[in-house]
Amino acid sequence: MLTANPKGLSLAVAALSIGIAAAGYGNSAEAAVCSHVISNEWNSGYTAAIRITNDGSTAINGWNVSWQYNANRVTSSWNANLSGSNPYTATNLGWNGTIQPGQTVEFGFQVNKNGGSAENPTVNGAVCGSNGNQSSAASSTVSSVASSSSPNNNTGGQCNWYGTLYPLCTTTQSGWGWEQNRSCISLSTCSSQPAPYGPVPGGNSSSVASSAPSSVASSAPSSVASSAPSSVASSAPSSVASSAPSSVASSVASSVASSVASSVSSSTPTSGRWRVDSTGKITKNGSIFPVQCGAWFGLEGQHEPNDAENNAGGAPLEMYVGNMWWADTGRTIQQTMTEIKNVGINVIRVPIAPQTLDPTDPQGIGDIRAGGVLKNHPSVRQTNARQALEDFIKLADQNDLEVIIDIHSCSNYVGWRAGRLDANPPYADATREGYDFTREEYSCGGGAPNDDPYNEQLWLEDLRTIAAFEQSLGVDNILGIDIFNEPWDYTWDEWATLAESAYQAINEVNQNVLIVVEGVGSVKSDGTEVAHGSMDYNPNWGENFFGFAERPLNIPKERLVLSPHTYGPSVFVQRHFMTGECAELEGDEAGRADCQITLDPTKLEAGWQEHFGYLRDQGYAMIIGEFGGNMDWPQNTRAAEQEMWSHITTPVDQQWQNAFVDYMIEKDIEACYWSINPESADTGGLYEHSHIPEVNESGWGTWLNFDSRKTSLLQRLWNGN
C-alpha cells in the first residue's frame, strides 16, 4: 500500500491531463484502447481504474503503465504491482498480464484529492492505439448518492468483508446467514476482521449491498462503498470488472463500466455467473444448474512402479485418455467428452498438482521411449502439462461441459495421501500390504530426501493462477475451484482458517467462480483427534464437517460449496462396517481376521448426517466431491487384497453405493463420481478397463464400454429415483 503525504501539496482544482506511458511486451504495441475511469467520488477522494482493452488481433503479453498527478495522491491499489510516489508505475500481476483480443484488463486505486478536484487523466502510451485516449468519470458525487439510494431493506447496515460489501444480518448471531433472500454476515463475524475492514455505519446505503451481488460489490474502503449508488458500484478491483468473459461479457466487446452497471441493477443476489440460491442449489447466470459430475484424472500425477523400465517411481502429469503408444485405439478426448455428455454428465472434476501449472516440469514432457515420461499415443500426446490442462478446459467449454479444478495434492509425487500443504512422511499407506506405490521418500514440508516445498503462500498463488484461467483462456465454464483435496491432517479450525484465506485469494482475481471446500478427517498424522461426533461412525478423509456447527466458514453462502468425500469398502473397510468380534477392526486387519462386512443403511445414514448432511438441511450447497467404487470388489483389485477378502462373496461395494445414492436422493445432494476413466485401482471407472490385475496386465490403458451398473446408478441419482 502507498500512503500519501498531504503536506505541502498544491491544491490545484483543474483536471490534469496525465500521460500514461503503457509499455507492452511482445506484440502489444498500439494494440489496445486505454481508458481512465473515475468509478466513485466523494468529498475527499475517489476510486478510479485504468482499463486496457485489446482491440487488436493478437494477445498482449505483459503491460506497464505510469502516470503523475498534480495534487491528487494514490493511497492504495489492487490488481497491479504499484511503485513510486508520484509519478506512479503499475505493472501486471502474474495472472492478468495476458490480454486476449477483445478482452479487458483493469486495475484500480483509491485517490486522496488533497482538497482539490478529482484529476481525470487522458490516456496514451505505447500499448494504446491512436484512438485510445479516453477519460471518463462516473457521476457519483456525494449529492447523487441520496437521490439514487433505494429503500433501506436492512437496518443492520453493511460489512466491508475484506474489501467486498455484504449486508449485516439482522437475526443471525454468528457466521454467515441467509436473510431477505441473500447472503448476509453477522455483526460478530464482521467485527472479527482486522482494520480497516469491518462494519460500515449507515443503513441508508443499502442500495449497494442489496442490489449488488458479490461479483460486483464494491471493494473500496467503507467510506467509499457506503455512499456509492448502485449505478457506480463498479469501484471494485479488476477481478470484478475486467476479467470477465460472462457476468460482464459485454466488456469483451464494449465498455466494462456499462456491463458492471447492468449487473449491479439486477434484483437478485445470485447474478454472478456461478452462485448458490437460497435453497442451496447451484445457479449459472441466475438459472438452476443441475450438477451431474464425474472426475477425470491423471494430470495431478500418475504413479509409475518402482521397477518400471522407464521413469521408475516417476509421477507423470498426463491425463488418461484410453489411447496408449503401445495400443493405438484411436480414442480422443473429444470422443470421450461426446460419450459422457450422452450419458448425462455435464461437469468434470479435474484434479491437478502444483506441478501441473508449470509448463517446464519434466514429469509433463516428452515421449517415454525417447527420454521423456509420457505414455499416451502420439496422436493425443500433450506438449506439457500446463498446455494439456488449458486445452482440456477450452475443449470442455466448446462442448458445454463445466469444470471444477481440484488441487489434489502438494506434489505430483506425494499424491492423494498428502492431507496438508506441507505434508511429510510417514504416510497412511506406508505399510499397506501388497502395494507398490508408497511415497515415503517424498515430501512437501522438508521431511524427506526428495522435497517439493509447498506452503500457504505458494498455494494461494496457485489458486489465483487457476482463478485467472477464465480470463486468460476466454472461457466461462469454470464452475468452481476445489481448494485442496482431503485435508485430513488439519483440525477443523485450522482448515477453516486456510479455506477463508483461499476464498479471499480467489475472490481477488475472479468473482464468478464458486469456492469448493472439503471436510477434514478424524485424526491428524501426529495423533491429534479431530471431533466428528459419535465414535460409532468414522468419517473418510474429506468427509468431516462436524466442526462447522461451532465454527462456520466465513465465506459467503452464495459462493460456498461444501464437498465431502465418502467411500465404501473397496476403498477402505471402516469399523462401522463391522459387527460382533470384529467391531473394533478396520482395513487390512479386518481382512486378515476373516471379518464379514455388514452394511446397515440406518447406521450409514446416521454417520453421513452427522458428518455433513445436517448442513444440507440448513441450505448449504453440497456436491459430494468423490464417491464410487469397484462394484466387483474384492475381485479385480490387487492380489493381496483379493486374498485377504476372498471370504466376501456378495457385492458389498455395490450395496454401499446404492445405499449412498438413496441418501443423496433423500437429502437432495449432488455428486461427482470417481471416476470417469478406469485407471483407479481402488474404484475402477465409468468405462470398463481391458486391464485386469493378475489376469490381463497388457490391457492397461485400453478402455472398453461403459459399466452399465454405474451409469444406471448415476441415472437414478440424477432422476431422483
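Please refer to the structure higher up on the page.
Residues numbered from 1 in each chain as written. Predicted model: local features only at pLDDT ≥ 70, side-chain atom pairs only at ≥ 80, totals over all residues. Heavy atoms only, no water.

### Description of the overall build of the protein chain
Here is the rule: A run of DSSP states H or I qualifies as a helix once it reaches four residues; a run of E qualifies as a strand once it reaches two. Both are numbered from the N-terminal end. The buried label goes to any residue with under 20% of its type's maximum accessible area, the exposed label to any with over 50%, and the partly exposed label to all in between, with areas taken from a 1.4 Å probe on protein chains only. Two residues form a contact once any of their heavy atoms are found within 4.5 Å.
Within the protein chain, the secondary structure is distributed over 17 helices and 30 strands. Looking at the protein chain as a whole, 61% of its 721 residues are labelled buried. In the protein chain, the proportion of contacts linking residues at least 24 apart, taken out of those at least 6 apart, comes to 71%.

### Here we look at helix α16 (residues 652–667)
This is how it is decided: Any helix carries an expected span of 1.5 Å times its number of residues minus one.
Along its 16 residues, α16 runs 23 Å from first to last C-alpha, staying within 8% of the 22 Å computed at 1.5 Å per residue. Buried within α16 we find Val 652, Asp 653, Trp 656, Gln 657, Ala 659, Phe 660, Val 661, Tyr 663, Met 664 and Lys 667. Among the structural elements, α14 (601–617), β27 (621–627), β28 (670–673) and α17 (708–719) are those in contact with the buried residues of α16. Backbone geometry just after α16 places Asp 668 at a positive phi near 60°.

### A closer look at the environment of Gly 445
Mapped onto the elements of the fold, Gly 445 is located in the loop between β22 (442–443) and β23 (450–451). Among the residues examined, Gly 445 registers a relative accessible area of 38% and is labelled partly exposed. In contact with Gly 445, other than residues within four places in its own chain, are Asp 422, Ala 423, Asn 424 and Asp 451.

### Section: the sheet that holds β28
Stated formally: At least two bridges found by DSSP between two strands is the condition for calling them paired. Lines are fitted to the C-alpha atoms to define the axes, a helix being fitted only along its stretch in contact, and any angle between axes, read from their N-to-C directions, falls within 0 to 180 degrees.
Judged by pairing direction, the barrel is parallel, and its eight strands sit side by side in the order β19-β20-β21-β24-β25-β26-β27-β28 before closing back on the first. Direction aside, neighbouring strands of the sheet carry axes that sit 30° apart on average. Pairing between strand β21 (residues 402–407) and strand β24 (residues 478–482): four bridges, direction parallel. Across the sheet, the residue bridging to Asp 406 is Asp 482, located in β24. Against the sheet, α16 touches β27 and β28, its axis set at about 175° to β27.

### Overview of the state of the cysteines
Disulfide: a covalent bond formed between the sulfur atoms of two cysteine residues. For the record, the criterion: Disulfides are defined in this document as cysteine sulfur pairs within 2.5 Å.
Scanning the entire structure with this criterion turns up three disulfides. A disulfide bridge connects Cys 293 with Cys 672, and the sulfur atoms are separated by 2.0 Å. Between Cys 293 and Cys 672, the S-S dihedral sits near 85°, and the bridge is therefore right-handed. Linking Cys 293 in strand β19 (residues 292–295) with Cys 672 in strand β28, this pair joins segments that are 379 residues apart in sequence. By the burial criterion, Cys 293 is buried, and Cys 672 matches it.

### Structural notes on unusual backbone geometry
A cis amide bond links Pro 425 with the next residue in sequence, Pro 426, at an omega value of 5°. As for its position among the elements, Pro 426 is in the loop between β21 and β22. In the segment running from Trp 674 into Ser 675, the intervening peptide bond is cis, with an omega of 5°. Tracing the sequence through the fold places Ser 675 in the loop between β28 and β29 (687–689). The residue Asn 636 is not glycine, and still its phi comes out positive at about 60°. As for its position among the elements, Asn 636 is in the loop between β27 and α15 (639–644). Given the relative accessible area of 35%, Asn 636 is considered partly exposed.

### Quick word on the packing of aromatic side chains
Condition: Pairing of aromatic rings covers Phe, Tyr and Trp, the last counted by its six-membered ring, and requires centre-to-centre distances within 6.5 Å; plane angles under 30 degrees mean stacked, over 60 mean edge-to-face, and any other angle means tilted. Lysine NZ or arginine CZ positioned within 6 Å of the ring centre and within 35 degrees of the ring normal marks a charge as sitting over the ring.
In this structure the tally under the stated criterion is 30 aromatic pairs. Look at Trp 274 and Phe 289: their rings are 5.3 Å apart centre to centre, the planes differ by 90°, and that puts the pair in the edge-to-face class. Taken as a pair, Trp 274 in strand β16 (residues 274–276) and Phe 289 in the loop between β18 (287–288) and β19 lie far apart in primary sequence, 15 residues in all. Of the residues examined, Trp 274 reaches a relative accessible area of 0% and is grouped as buried. With 5.5 Å between their ring centres and 80° between their planes, Phe 297 and Tyr 320 make a pair best called edge-to-face. Of this pair, Phe 297 sits in the loop between β19 and α8 (333–343) while Tyr 320 sits in the loop between β19 and α8, and the two are 23 residues apart along the sequence. Members of the aromatic cluster, joined through ring pairs, are Trp 608, Phe 612, Phe 627, Trp 656, Phe 660, Tyr 663 and Tyr 673. Residue placement shows Lys 557 over the ring face of Tyr 620; its charged tip is 4.5 Å from the ring centre.

### Observations concerning the pattern of salt bridges
As a reminder of what qualifies: Any Lys or Arg side-chain nitrogen located within 4 Å of an Asp or Glu carboxyl oxygen qualifies as a salt bridge.
Applying the stated criterion across every chain, the model contains 30 salt bridges. Ionic pairing is found between Asp 367 and Arg 369, a salt bridge with its closest N-O pair at 2.9 Å. Each of Arg 349, Asp 406, Asp 482, Glu 518 and Glu 626 takes part in a single network of salt bridges with overlapping partners.

### A look at the sheet that holds strand β17 (residues 282–284)
Strand order in the open sheet formed by three strands is β16-β17-β18, with antiparallel pairing between adjacent strands. In the strand order of this sheet, the two ends are held by β16 and β18, each with one partner. Bridge analysis of β16 against β17 gives three bridges, and the strand direction is antiparallel. Residue Trp 274 lies in a different strand from β17, and its bridge partner there is Lys 284.

### What to know about helix α12 (residues 492–509)
The α-helix advances 3.6 residues per turn, and as a result positions three or four apart in sequence lie on the same side. Spanning 18 residues, α12 covers 26 Å between terminal C-alpha atoms, matching the ideal 26 Å at 1.5 Å per step. For α12, the tally of buried residues reaches 13 of 18 residues, placing the bulk of the element in the interior.

### Some words on the environment of Gly 699
Counting through the fold element by element, Gly 699 comes out in the loop between β29 and β30 (703–706). Remark: the alpha-carbon pair of Gly 699 and His 689, spanning 10 residues in sequence, is separated by 7.4 Å. Non-local contacts of Gly 699, meaning those with residues more than four positions away in its chain, are made with His 689, Ser 690 and His 691.

### Things to note about the packing of α14 against α16
To be explicit about the condition: What sets the label is the angle itself: under 35 degrees gives roughly parallel, over 145 gives roughly antiparallel, 65 to 115 gives roughly perpendicular, and the rest give oblique. Definitions for this section: a left-handed crossing has its near helix turned counterclockwise from the far helix by less than a right angle. A right-handed crossing has that turn clockwise. Here the term charged refers only to Asp, Glu, Lys and Arg, the term nonpolar to Ala, Val, Leu, Ile, Met, Phe, Trp, Tyr, Cys and Pro, and the term polar to all other amino acids, Gly among them.
Where α14 contacts α16, the axes come no closer than 11 Å and their chain directions differ by 30°. Accordingly, the angle class assigned to the pair α14 and α16 is roughly parallel. At the point where α14 passes α16, the crossing takes the right-handed sense. Residues Leu 604, Glu 605, Trp 608, Gln 609, Phe 612, Gly 613, Arg 616 and Asp 617 of α14 form the contact with α16, whose participating residues are Trp 656, Ala 659, Phe 660, Tyr 663, Glu 666 and Lys 667. When grouped by side-chain class, the residues that make up the contact of α14 with α16 number seven nonpolar, two polar and five charged.

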